[in-house]
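# Descriptive structure summary
Now for the letters of each chain:
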Amino acid sequence: MIRLIEGGLSDLDAVMAVMEASFDPRFGEAWTAAQCAGLLPLPGVWLSLARDETGAQGFALARIVADEAELLLLAVRHDAQRRGIGSLLLERFSRLARLRGATRLHLEVREGNQAIALYERAGFALAGRRRNYYSGPHGVSYDALTLARNTASGS
Ligand SMILES: CC(C)(COP(=O)(O)OP(=O)(O)OC[C@H]1O[C@@H](n2cnc3c(N)ncnc32)[C@H](O)[C@@H]1OP(=O)(O)O)[C@@H](O)C(=O)NCCC(=O)NCCS
């Protein structure tokens, strides 16, 4: 059974294990352990972990600044995907952001990432675009899309 809990810097190994088992390495979307370790202790940053009896299956890393919360990373191990864990983590992000005083939620995602369907279903809509932000295989570049919604709408 999946349980969602809040984590911290001591969960870095679990986060990196999920990171390596989830992101497609061709697009450079995953973060390094040093990037995560640098961010986790900062004020306004929180980590939610989705665990079962075998360990961490997914996580969400988020940050709030003033009344805006950002979903920095959302990941679920390949072998645990399409079972609703990503949706649970996204709902948790929205709820905790609202409890911390956020009125606006946003996130950045590579154009073409399957996660966009998940975000749109949760009420996120296109708010901006950074051209050629991600480099993919064979020299192809992908835009980064900024998706946003108010905390009052969606889940
Ligand atoms: C995005 C991600 C977190 C979704 O996790 P998940 O546990 O599979 O999410 P859910 O089971 O709640 O799926 C929700 C919906 O997302 C969409 N979706 C997720 N993965 C998909 C895939 N591989 N193909 C098509 N649609 C997909 C579907 O609409 C799905 O709903 P459905 O299963 O009812 O069709 C997971 O695919 C992942 O870790 N991807 C790699 C990391 C990443 O790119 N993160 C997002 C950018 S930070």
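Residues numbered from 1 in each chain as written. Predicted model: local features only at pLDDT ≥ 70, side-chain atom pairs only at ≥ 80, totals over all residues. Heavy atoms only, no water.

### Points about helix H3 (residues 85–99)
Its 15 residues place the ends of H3 21 Å apart at the C-alpha level, agreeing with the 21 Å of an ideal helix rising 1.5 Å per residue. One or two positions beyond H3, positive phi appears at Gly101, with a value near 105 degrees. (Helix = DSSP H or I, 4+ residues; strand = E, 2+ residues; numbered from the N terminus. Expected span 1.5 Å × (residues − 1).)

### Concerning the layout of surface pockets
The computed volume of the largest pocket comes to approximately 1,200 Å³. Counting residues per element, the ones that place at least two in the lining of the largest pocket are strand S4 (68–76), H3, strand S5 (104–110), helix H4 (115–121) and strand S6 (125–135). (1 Å grid on protein atoms, 1.4 Å probe; cavity = no way out; pocket = protein on both sides within 12 Å on 5 of 7 lines; lining within 4 Å. Points joined across faces, edges and corners; volume = space filled by probe spheres on them.)

### As for the sheet that holds strand S7 (residues 141–150)
The 7 strands lie next to each other as S1-S2-S3-S4-S5-S7-S6, forming an open sheet whose pairing is mixed. Both outer strands of the open sheet, strand S1 (3–7) and S6, are each paired with one neighbouring strand and no more. For this sheet, the mean inter-axis angle between neighbouring strands, taken without regard to orientation, is 25 degrees. Bridge count for S1 against strand S2 (residues 45–52) is 5 bridges, and the pairing is antiparallel. Of the residues in S2, the one forming a bridge with Ile5 is Leu49. (Pairing = 2+ DSSP bridges. Axes fitted to C-alpha atoms, helices over the stretch in contact; angles between N-to-C directions.)

### Thoughts on the side chain of Thr146
Secondary-structure assignment places Thr146 in strand S7. Of note is the side chain of Thr146, whose polar atom sits 3.5 Å from the side chain of Glu108. In this view, Thr146 contacts Leu107, Glu108, Ala125, Leu126, Ala127 and Gly128; residues no more than four positions away in its chain are not counted. (Polar contact = N/O pair within 3.5 Å; in protein donor to acceptor, adjacent residues only side chain to side chain. Contact = heavy atoms within 4.5 Å.)

### Some points on unusual backbone geometry
Even without being a glycine, Arg82 presents a positive backbone phi close to 65 degrees. Secondary-structure assignment places Arg82 in the loop between S4 and H3. Classification of Arg82 as exposed rests on a relative accessible area of 85%. (Buried < 20%, exposed > 50% of the residue type's maximum accessible area, 1.4 Å probe, protein only.)

### Considering the site of the ligand
If you check the shell around the ligand, you find 19 residues, and the closest are Leu74, Val76, Arg82, Gly84 and Ser87. Asn113 has a polar side-chain atom sitting 2.8 Å from an oxygen atom of the ligand. A distance of 2.8 Å separates an oxygen atom of the ligand from a polar side-chain atom of Arg121. Within the complex, the protein chains bury 80% of what would otherwise be the 910 Å² of accessible surface of the ligand. Put simply, the ligand lies in the largest pocket. Taken together, the elements giving at least two residues each to the shell around the ligand come down to S4, H3 and H4. Looking at the shell around the ligand element by element, the count peaks at 5 residues for H4. (Near = heavy atom within 4 Å. Areas by Shrake-Rupley, 256 points an atom, 1.4 Å probe, with all protein chains shown as cover. Sits in = over half its atoms within 2 Å of the grid points.)

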